[in-house]
Every structure is written in structure tokens, then in C-alpha cells.
Amino acid sequence: MTITEFHPIRKVVVVGSTFGQLYLEALRRCRPGITVAGLLSRGSERSRRIAEAHGVPLMTRIEDVPDDTDLACVIVRSNGIGGSGTTIAAQLLERGIAVLHELPVGKKDVATCLRAAHRGGARFAVADLYRWLPAVRAFRGAARELLAVDRPLAIDAHLSIQPAYTLARLFTEIGLSTRPVSLQSSQDGTLIGGTLGGVPVAVRYATVLDARDTDNDVRFPSMSIHTRSGTLTLADVHGPVHWTPTLHLPEQAKTGAGYEDDNLNATFSSVELFQLQNTHAQILTDLWPRALAEQITAMSCGMSNGDAQRILQVAQLWESLTGGVEFPAAGGEETDGMKRMHIQERLRAAARAAINETHPSKEKEDENLQ
């Protein structure tokens with residue numbers, strides 16, 4: 001059953017100025033055919049400066065949003081995590097305005113928005129720019145192909161708590177049956193383990209939460225799918241994507257007849273399926289805006305009951321993946337950009353030195369030969 005039909009996006013309002021300014025940049029740079037009708041915020045001086053910099057009207061009341069607005073990007077925290085985004089989204093949806101709601105959105109808030117979407121005949125979706133990044137798309141496509149021909153033995157993931165919604169969505173889009181869900185948290189609250197659709201799953205959280213700056217110290221999701229034929233890995237939402245085939249010894253190798261084998265000669269120990277080198281500046285000014293623009297364009301499509309069920313499924317899985325998770329408050333000295341660069345260079349130098357160093361036993365052997 002169709003809830004909404006195809007509706008082109010021509011007029012957009014951005015709600016919230018903190019992360020909303022990234023949406024304004026994406027709309028300006030990547031979608032020139034779209035008109036930004038305004039920025040809706042509480043009216044702080046910072047919001048006024050952002051609106052002025054992008055040449056858009058500043059709105060301070062939800063009633064100020066024009067009725068002919070096609071899409072509202074509600075970049076405000078949902079009600080379930082202490083914000084008012086769900087309330088704003090529901091009011092706009094009931095007016096027939098499509099809403100792209102900033103993640104995460106729990107199942108209670110999703111249900112509220114879907115009911116409002118039904119009443120207003122408008123499309124609702126949860127924003128997830130990482131889903132549209134090239135590395136995630138490459139991993140998703142490769143994972144579907146892998147799981148179509150090989151059974152998953154186990155899946156593990158690592159991340160911090162902030163982008164857990166992205167991980168939940170990824171689990172539902174790689175060709176894996178995520179039901180039934182049987183997950184429990186470890187005693188220390190840093191590990192979620194169990195099964196999804198009968199497949200063993202382990203999710204390790206490494207989170208440092210600084211109440212003064214919750215947008216930093218983010219570890220984006222990594223995921224490894226282990227099968228009998230090998231392991232497919234997404235190192236980060238920005239890449240790379242690797243395939244590591246398992247080593248399979250031919251019969252002649254087991255009998256001492258040697259290692260000359262066509263399969264051994266043709267199979268590499270690791271294959272890079274996707275790699276795109278970007279600086280953090282390039283990610284923020286180019287890669288993310290492009291992903292946001294694609295996400296906004298996709299809001300033109302209609303919404304079916306099946307789409308609504310998938311949104312609910314992701315919200316439910318997100319709650320299962322984060323239930324019982326605990327993380328320490330930030331402590332010690334903050335690692336600034338220069339320190340991170342210094343650490344990176346030290347690691348690179350240490351790795352090179354380790355590769356080139358001579359083993360002590362080799363040094364002793366050389367001495368005895370002299």
C-alpha cells in the first residue's frame with residue numbers, strides 16, 4: 001500500500017542550525033535547483049549569522065514554515081534523547097510536508113512520526129548521511145553478493161555510541177535476516193553480543209563522552225562479515241573495504257608435493273575492493289555534502305507501508321544494539337588536531353622501523369658467520 005506518491009523536492013526548510021548548516025551547504029553546492037525557504041531555529045545570534053551567510057530567511061516559529069514547502073530537514077534531537085525534533089516533525093508531517101529527521105530516532109518517536117505522516121499524506125524518513133557514502137555503498141553491495149553465495153559464520157563491529165543508528169541500518173541492508181533478535185550487554189556495558197537471525201554477532205563500543213562536546217571523539221562503525229570463504233571488512237564509513245580470503249591448501253601441498261597451484265597463484269592474501277583517500281577537510285566540505293544531497297533527492301520518492309516497516313525495524317534494532325551500553329565520561333587532556341597528527345606520524349615511523357628491524361636471532365647468526 002502506498003502512503004505517498006512521487007513528489008519532486010523544490011522547496012526546503014532546514015530546522016536546527018548546529019548540524020543544519022551542513023545541510024544548507026549541501027543544498028547550496030550540490031542541488032542548485034532547490035530553493036531553501038528558510039532556517040527555522042530558536043533565533044540565537046549564531047543562527048542569525050548562519051542564515052545571513054547562506055542568504056536565507058531566519059524563522060523562529062513553526063507557523064512561519066510556508067505551506068508549499070516540499071521538505072523539512074529536522075536536524076534536531078528526537079524527543080526520546082532529550083530534544084524536540086519529534087514534536088516538530090509530527091506537526092510538519094500533519095501539514096503534508098515531508099520530513100527528514102536527524103538520527104537517532106527510537107521506535108516510539110518513529111511510530112509518532114509515521115502516524116502523523118499517514119494523517120498528512122507526507123513522506124517520513126530518518127536521516128543517515130553515512131548510508132550514502134561511497135565506501136558504505138561499496139560494502140553493502142559486496143556484502144549482499146557475499147551472503148547470497150556463502151553463509152555468515154559471525155559478524156563483528158566496532159564503534160562509539162553516537163553513530164550506532166547507522167550500524168543498525170547497515171545490519172538490515174546487507175542481505176542478512178535480522179530476526180529473531182537475541183542480544184545482551186556485557187557486565188561492563190561495552191559489548192553487545194548474541195545473535196541476529198541465528199548468526200553470532202558481537203558489537204564492541206569504544207566511547208568517550210564529553211558532555212561539553214558530544215560531536216567529537218566519534219568512532220565510525222567498522223564491520224567484518226566472516227564466512228568460510230573469507231572475511232569482508234568495512235574499516236570505517238569512509239573506507240577502505242577489504243576482502244581477505246581464507247587460505248586453502250591444495251592436496252599436493254599437504255603431501256609435500258609443493259605449492260604450485262593455479263588457485264594459490266591467483267588468490268591474494270588481501271584484496272582492496274574500495275579505497276578513497278580524503279582529508280578530514282575534504283570529507284566535511286565535499287564528501288558529506290554530496291551524500292546529504294543524494295539523501296535529500298531520494299525524498300522525492302513515494303513511501304509505502306513496507307518503507308514504514310523498515311524504518312520501524314531499524315529503530316527497534318538500534319534500541320537492541322544500544323540497550324545497556326555504558327561509557328565513561330571524558331577524562332584527561334583532550335587530544336587536539338596537532339596531537340593527532342603527531343601520533344599519526346609516530347605510528348607510521350614505528351611501523352616502518354618494525355618492518356626493517358633485524359631479528360635478534362638473525363643478528364647472532366650473522367655474528368657467528370663472521
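Residues numbered from 1 in each chain as written. Predicted model: local features only at pLDDT ≥ 70, side-chain atom pairs only at ≥ 80, totals over all residues. Heavy atoms only, no water.

Enquirer: Mind showing me how you'd approach the nonpolar core here?
Expert: Within soluble globular proteins, side chains that are nonpolar generally end up buried alongside one another. With 104 residues, the main nonpolar core has Phe-171, Ile-174 and Val-203 as its most contacted residues. No other element matches the 8 residues that helix 10 (residues 305-322) contributes to this core. In this view, Ile-174 contacts Phe-139, Ala-143, Arg-144, Leu-147, Ile-155, Met-223 and Ile-225; residues no more than four positions away in its chain are not counted. (Core = buried A, V, L, I, M, F, W, Y, C linked by side-chain atoms within 4.5 Å. Buried < 20%, exposed > 50% of the residue type's maximum accessible area, 1.4 Å probe, protein only. Helix = DSSP H or I, 4+ residues; strand = E, 2+ residues; numbered from the N terminus. Contact = heavy atoms within 4.5 Å.)

Enquirer: Whenever I open this one, the packing of helix 6 (residues 164-172) against helix 10 confuses me. Can you help?
Expert: A packed helix pair is summarised by two numbers, namely the angle formed by the two axes and the spacing between the axes. Where helix 6 meets helix 10, the closest approach of the two axes is 8 Å, and the angle between their N-to-C directions is 120°. By the angle between their axes, helix 6 is oblique relative to helix 10. Along this stretch, helix 6 crosses helix 10, giving a crossing that reads as right-handed. Contacts between helix 6 and helix 10 involve Ala-164, Tyr-165, Leu-167, Ala-168, Arg-169, Phe-171 and Thr-172 from the former and Ile-311, Gln-313, Val-314, Ala-315, Leu-317, Trp-318, Leu-321 and Thr-322 from the latter. (Axes fitted to C-alpha atoms, helices over the stretch in contact; angles between N-to-C directions. Parallel < 35°, antiparallel > 145°, perpendicular 65-115°, else oblique. Left-handed = near helix turned anticlockwise from the far one by under 90°.)

Enquirer: Please explain the sheet that holds strand 9 (residues 181-185) as it appears in this structure.
Expert: Sheets are built from strands paired through backbone hydrogen bonds, the pairs being either parallel or antiparallel. Overall, mixed pairing links the 8 strands, which are arranged 9-10-11-8-12-13-14-15 in an open sheet. Only two strands of the sheet have a single neighbouring strand rather than two, namely strand 9 and strand 15 (271-274). Across the sheet, the mean angle from the axis of one strand to that of its neighbour is 15°, orientation sign disregarded. Contacting strand 8 (152-159), strand 12 (222-227), strand 13 (230-234), strand 14 (241-245) and strand 15, helix 5 (residues 134-149) crosses the sheet at an angle of about 160° to strand 13. (Pairing = 2+ DSSP bridges.)

Enquirer: Would you mind going over the pattern of salt bridges with me for this structure?
Expert: Side-chain pairing between opposite charges can occur once the charged atoms of the two side chains come close. Per the counting criterion, the structure on display carries 12 salt bridges. Its salt-bridge partner being Arg-95, residue Asp-67 comes within 2.7 Å of it at the nearest N-O pair. Note that Asp-67 is positioned in the loop between strand 4 (58-59) and strand 5 (71-74) and Arg-95 in the loop between helix 3 (85-94) and strand 6 (98-101), a separation of 28 residues in sequence. A relative accessible area of 33% means that Arg-95 is categorised as partly exposed. Its salt-bridge partner being Arg-290, residue Asp-286 comes within 2.8 Å of it at the nearest N-O pair. Taken together, the residues Asp-286 and Arg-290, both in helix 9 (residues 280-298) and 4 residues apart, mark about one turn of the helix. Judged by relative accessible area, which is 26%, Asp-286 ranks as partly exposed. Three or more residues are tied together by salt bridges with common partners; here these are Arg-131, Arg-140 and Glu-173. (Salt bridge = Lys/Arg side-chain N within 4 Å of Asp/Glu carboxyl O.)

Take it as geometry only, folks, not as evidence of what the structure does.
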